[in-house]
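Each chain, letter by letter, is given below.
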Amino acid sequence: MCVQQIRGLFNMTKKSPCSVQALFDLCKQTFTPSATSPPSSQAIHKFYSLLDTIGPKEVGLKDESLEDERGHGLFGLSVFNRVDRWAQPITYVDIHEDQNFTMCMFCFPTSAVIPLHDHPGMTVLSKVLYGSLHVKAYDWVEPACIRKSEQIGHPTVRLARLAVDKVITAPHGTSVLYPKSGGNLHCFTAITPCAVLDILAPPYLEAAGRRCTYYHDYPYSSFANGDEIVGNGKEQDYAWLAVVDTPEDLYMRPGRYMGPAIHR
């Protein structure tokens, strides 16, 4: 290769934004105040292609799933005290948030859980960066099927259909949920130490009706009359969801974003 070609490649590298910067730029381009509907399939495809290039090192993380279960801390001994993973909370890393979208990461120790919760009116793209994560997700059955109990201690429940129930292991393609499909209500359970990169658009905002609500799922047989199943569905494809208070044992500590700087 001649000197001119080498210099050309070097200049291309200098001009090319890092993956996280490119992701931020795509979010700014896609999620605008005037956007009133979920992104187009073409836009989602662009996100898929870009997120496929992002792994732990691109966002300043170390792949904790490569260590044994005696490992200590999500970011190494230099940051946190030496405690067992299962005694640690989930670490939340805020990369960017504005009125249009949130970019963030969740770093899980083994067996940590984010309980079943919703994303009202939101589109969410998720990428498992390392490790294995069990995802269970539902979508509401429409029109709404609600059971109100007059018995004290029995919750009001609404019927939902199972959309996702699987373990996702990195490297794995990006998943997306929409306001009414793709598993808008989901629960995460860490099978191994793992990390998830999330893009939420628009972000949670209680004043705009986008409050995060938590749920408990009950088997279909718990409240069914037998005539609620849609089409050729089976009982195991459905569950009744009841609103619950924010779990008291759900604790997330803030973490510092250690990836490349983003030019906003």
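This text gives an overview of the structure that appears in the document. Nothing here was measured: the structure is a model prediction, and the numbers come from that model.

What the protein chain contains, in helices and strands, is three helices and 13 strands. For the protein chain, contacts bridging at least 24 residues in sequence account for 76% of all contacts bridging at least 6.

Attention now moves to the packing of helix 2 (residues 19-30) against helix 3 (residues 41-51). Two numbers describe how helix 2 lies on helix 3: the axes approach to 10 Å, and their chain directions differ by 170°. Viewed along their axes, helix 2 and helix 3 adopt a mutual orientation that is roughly antiparallel. Residues Ser19, Ala22, Leu23, Leu26, Cys27, Gln29 and Thr30 of helix 2 pack against Ala43, Lys46, Phe47, Leu50 and Leu51 of helix 3. Residue classes in the contact of helix 2 with helix 3 are distributed as eight nonpolar, three polar and one charged.

Counted by the stated rule, this structure contains ten aromatic pairs. The interplanar angle of 20° and the centroid separation of 5.5 Å between the aromatic rings of Phe31 and Phe47 together place this pair among those described as stacked. Placement of Phe31 in the loop between helix 2 and helix 3 and of Phe47 in helix 3 is noted, with a sequence separation of 16 residues between them. Seen in terms of ring centroids, Tyr220 and Tyr238 are 6.2 Å apart; in terms of plane orientation they differ by 55°. Their pairing is tilted. One end of the pair, Tyr220, is in the loop between strand 11 (214-219) and strand 12 (238-244); the other, Tyr238, is in strand 12, and 18 residues separate them in sequence. Residue Tyr238 is classed as buried on the basis of its relative accessible area, which comes to 4%. Taken together, the ring pairs connect Tyr218, Tyr220, Phe223, Tyr238 and Trp240 into an aromatic cluster. Arg264 extends its terminal NZ or CZ atom over the ring of Phe24, reaching a point 5.8 Å from the ring centre.

Attention now moves to the side chain of Gln21. With respect to the element layout, Gln21 can be found in helix 2. Look past the residues within four positions of Gln21 in its chain and what remains in contact with it is Ala261, Ile262 and His263.

Now for the pattern of salt bridges. Side-chain pairs of opposite charge can arise where the charged atoms are in close proximity. Summed over the entire model, instances satisfying the criterion amount to four salt bridges. The partner of Glu206 in a salt bridge is Arg211, and the shortest N-O contact between them spans 3.8 Å.

Parameters at a glance
Residues numbered from 1 in each chain as written. Predicted model: local features only at pLDDT ≥ 70, side-chain atom pairs only at ≥ 80, totals over all residues. Heavy atoms only, no water. Helix = DSSP H or I, 4+ residues; strand = E, 2+ residues; numbered from the N terminus. Contact = heavy atoms within 4.5 Å. Axes fitted to C-alpha atoms, helices over the stretch in contact; angles between N-to-C directions. Parallel < 35°, antiparallel > 145°, perpendicular 65-115°, else oblique. Nonpolar A, V, L, I, M, F, W, Y, C, P; charged D, E, K, R; others polar. Phe/Tyr/Trp six-rings, centres within 6.5 Å; stacked < 30°, edge-to-face > 60°. Buried < 20%, exposed > 50% of the residue type's maximum accessible area, 1.4 Å probe, protein only. Lys NZ or Arg CZ within 6 Å of the ring centre and 35° of its normal. Salt bridge = Lys/Arg side-chain N within 4 Å of Asp/Glu carboxyl O.

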